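Summary of structural features
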Amino acid sequence: MTNVSIAVAPKRFEQPGSISVDQLRTIVQDSHLNFLVGAGTPSAFFGMLGDIEDALTTIARRDDVTDDSKAIARASIQGYFFDKVILPNTELLKPTPNSEANAVLRSYAIFGQTLNRILLRRRSTLLSKKVNLFTTNIDLVFEVAFERLGVGFNDGFSGKIRPTFDLGSLSSLQYRSGVRYEHLSEIPTFDLYKLHGSIGWELLDDPTTTSDIVFDPRLSTVAATLTALDELRLELIPINTRDDVDAEKLLAQAEKMVRSNKIATFTHAYDRLVIVNPEKQKFATTVLIETYYELIRRFANELEKENSALFVMGFSFRDEHLRKLIVRAARTNPTLQIIVFCYNLADRAAYEKLIPELDVPNGNILYVTPPPPADDADDDDVVHFDLDTVVTQYFAPLIPESTRGPDGQIELIFKTDDSGTA
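The rules behind these values
Residue numbers run consecutively from 1 along every chain, following the written order of its sequence. Confidence filtering applies because this is a predicted model: local features only for residues at pLDDT of at least 70, side-chain atom pairs given and counted only at 80 or more, and all residues used for totals across whole chains, interfaces and linings. Think of the side-chain values as coming from all heavy atoms in the structure, minus any hydrogens and water. Scored from 0 to 100, pLDDT reflects the predictor's confidence in each residue. Here a residue-residue contact requires only that any non-hydrogen atoms of the pair lie within 4.5 Å. Helix and strand labels come from DSSP, where a helix needs a run of H or I of at least four residues and a strand needs a run of E of at least two; each type is numbered from the N terminus. Working rule for helices: expected span equals 1.5 Å times residues minus one. When a residue's accessible area, from a 1.4 Å probe over protein chains only, is under 20% of the maximum for its type it is buried; when over 50% it is exposed; and in between it is partly exposed. Here, axes are lines fitted to C-alpha atoms. For helices the fit covers the stretch in contact, and angles between N-to-C directions go from 0 to 180 degrees. Oblique is the label for any angle not covered by the other classes, which are roughly parallel (under 35 degrees), roughly antiparallel (over 145) and roughly perpendicular (65 to 115). Crossings are sorted by hand: turned counterclockwise from the far helix by less than a right angle, the near helix makes the crossing left-handed, and turned clockwise it makes it right-handed. The nonpolar class holds Ala, Val, Leu, Ile, Met, Phe, Trp, Tyr, Cys and Pro. Asp, Glu, Lys and Arg form the charged class, and all remaining residues, Gly among them, are polar. By definition, two strands form a pair when at least two bridges between them are found by DSSP. The path from the first strand over the helix to the second decides the hand: if it runs clockwise while the strands point away from the viewer, the crossover is right-handed. Just to be clear on terms, a salt bridge is a Lys or Arg side-chain nitrogen sitting within 4 Å of an Asp or Glu carboxyl oxygen.

A look at the confidence of the model for the protein chain
- Mean pLDDT over the protein chain works out to 85, with 82% of the residues at or above the 70 mark.
- Note that pLDDT drops below 50 for residues 6-16; the model gives that stretch 30 contacts with residues more than four away or on any other chain.
- In the model, residues 403-411 has pLDDT below 50 throughout and makes 7 contacts with residues more than four positions away in sequence or in other chains.

What follows is the structure in structure tokens.
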């Protein structure tokens, strides 16, 4: 085992589109804390996928091609998505993950430990020591990293033998009782909301209901889907890079192919995954399925609270239903503060195009961007706001000096493999 160290960067990035330590400290100390984490945050491990959403939507809407061609093209994209986003989770669950998996787990662990230390020393007694983590990601990085770290988090599952999803278990606080004196101390808690489901969720019995969602630690549904995909691979269109995710090209290739009977087996297995697929129709899926609807309702409720803060990382705002929800909350709740950490300047431009300034009359959305690169800067000198940089530059400096003795400290240990690799 080893302690996770928090490295504070030696300098601050102060320029338009930034936020000072004092400003951020005030927000963190005096607000209900919420984070929205999107696919861009763990992308170093899972990779960037290209515009899968638009490709799948285009394929579904094409009426001038055969159903067989659509099925081949769609299954090819789903196979690519499975390989890039779903299958790598099996590496995270290994007793000794590889170096790439350990790197992303370490980043999330440092993020969790940093917030934990901030909450431990939060001066306000009116606000709970709780953070809501909302994510559209279906991976298990949060669960694995936080469990190895030892931080208190609630993913909505209750029970030991067969953990069952129960939204009623969220929004609870945790306290620790003193051994010698009858005093209670609140300990930091993280509530994890998987807005688009998770590959660790399993539906029992009727797949049209969410009354029996259980946690699947062995990823049996993923294994069944992999088996079906491996049987089908040679009869799909190869997709090797994000540039290959092109609906028109895929449909053109599919028209020259014969639909395999194995596609139905793969599609059936894939549809058993409890996830919202990356396509325009996903909002219909969200509102039709009770659990997804309730998760989004919880997200909306948190944004409507007075003096709430939402920190956004790695989220593209292309999820139309979530973008509209965030904009509506910003318009109707002037006490809501939304801080968007942009990976680069191009991302900020894309966000501002999706959310025009006139749509947010309260001016309560702040885009925090890295400094523009110098004209002669090398690639290594260009700053990007990935998770590690955001934590070290903005959140780690917020950890106040402790005023308590060693007996008042609560340290989190990040468990590693026997070699000592974090």
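More follows now that the structure is in view.
Let's talk about helix H13 (residues 320-332)
- Between its terminal C-alpha atoms H13 stretches 18 Å, which fits the 18 Å expected from 13 residues at 1.5 Å a residue.
- Of all the positions in H13, only His321, Leu322, Arg323, Leu325, Ile326, Val327, Ala329 and Ala330 are classed as buried.

Details of unusual backbone geometry
- For leucine 219, which is not glycine, the phi torsion reads 50 degrees and is therefore positive.
- Leucine 219 sits in the buried class, given a relative accessible area of 3%.
- Even without glycine at this site, phenylalanine 317 takes up a positive phi of about 65 degrees.
- Among the secondary structure elements, phenylalanine 317 is positioned in the loop between strand E13 (308-313) and H13.

Things to note about the packing of helix H8 (residues 220-232) against helix H10 (residues 262-271)
- It is the contact of H8 with H10, at a shortest axis distance of 8 Å, that shows an interaxial angle of 160 degrees. Regarding the angle of H8 to H10, the classification is roughly antiparallel. Here the hand of the crossing between H8 and H10 comes out left-handed. Only Lys262, Ile263, Thr265, Phe266, Ala269 and Tyr270 of H10 make contact with H8, whose side of the interface consists of Thr221, Ala224, Thr225, Ala228, Leu229, Glu231 and Leu232.
- When grouped by side-chain class, the residues that make up the contact of H8 with H10 number 8 nonpolar, 3 polar and 2 charged.

Things to note about the packing of helix H12 (residues 290-304) against H13
- Taken N-terminus to C-terminus, the directions of H12 and H13 make an angle of 20 degrees; their axes are 9 Å apart at the nearest point. Overall, the two elements H12 and H13 adopt an arrangement that is roughly parallel. Crossing of H12 against H13: the hand is right-handed. Here Ile296, Phe299, Ala300 and Leu303 of H12 lie close against H13, whose contacting residues are His321, Leu322, Leu325, Ile326 and Ala329.
- Looking at the contact of H12 with H13 residue by residue, the class counts come to 8 nonpolar, 1 polar and no charged.

Considering the pairing of strand E14 (residues 337-341)
- Most of E14 sits inside the fold, with 4 of its 5 residues counted as buried.
- With 5 bridges joining them, E13 and E14 adopt parallel strand pairing. Following the sheet pairing, leucine 310 is matched in E14 by isoleucine 338.
- As a crossover connection, the stretch from E13 through H13 into E14 is right-handed.
- Two elements, E14 and strand E15 (residues 365-368), share 4 bridges in a ladder whose sense is parallel. Residue pairing for E15: phenylalanine 341 is matched across the bridge by valine 368.
- You can see the chain leave E14, run along helix H14 (residues 345-354) and come back into E15, and the turn it takes is right-handed.

Regarding the environment of aspartate 347
- One can find aspartate 347 in helix H14.
- With 32 residues separating them in the primary sequence, aspartate 347 and phenylalanine 315 have C-alpha atoms 9.8 Å apart.

A short note on the pairing of strand E10 (residues 197-203)
- Burial analysis of E10 places 6 of its 7 residues in the buried class, which makes it a mostly covered element.
- Bridge analysis of E10 against strand E12 (residues 273-275) gives 2 bridges, and the strand direction is antiparallel. Along E12, the bridge assignment pairs glutamate 202 with leucine 273.
- Two elements, E10 and strand E11 (residues 213-215), share 3 bridges in a ladder whose sense is antiparallel. By the bridge assignment for E11, glutamate 202 is matched with valine 214.

Focus: the pattern of salt bridges
- Applying the stated criterion to the full structure yields 16 salt bridges.
- One salt bridge in this structure joins arginine 318 and aspartate 51, with 3.6 Å as the shortest N-O distance. Taken together, the residues span a long stretch of sequence, with arginine 318 in the loop between E13 and H13 and aspartate 51 in the loop between helix H2 (43-46) and helix H3 (52-61) at a distance of 267 residues.
- Classification of aspartate 51 as partly exposed rests on a relative accessible area of 28%.

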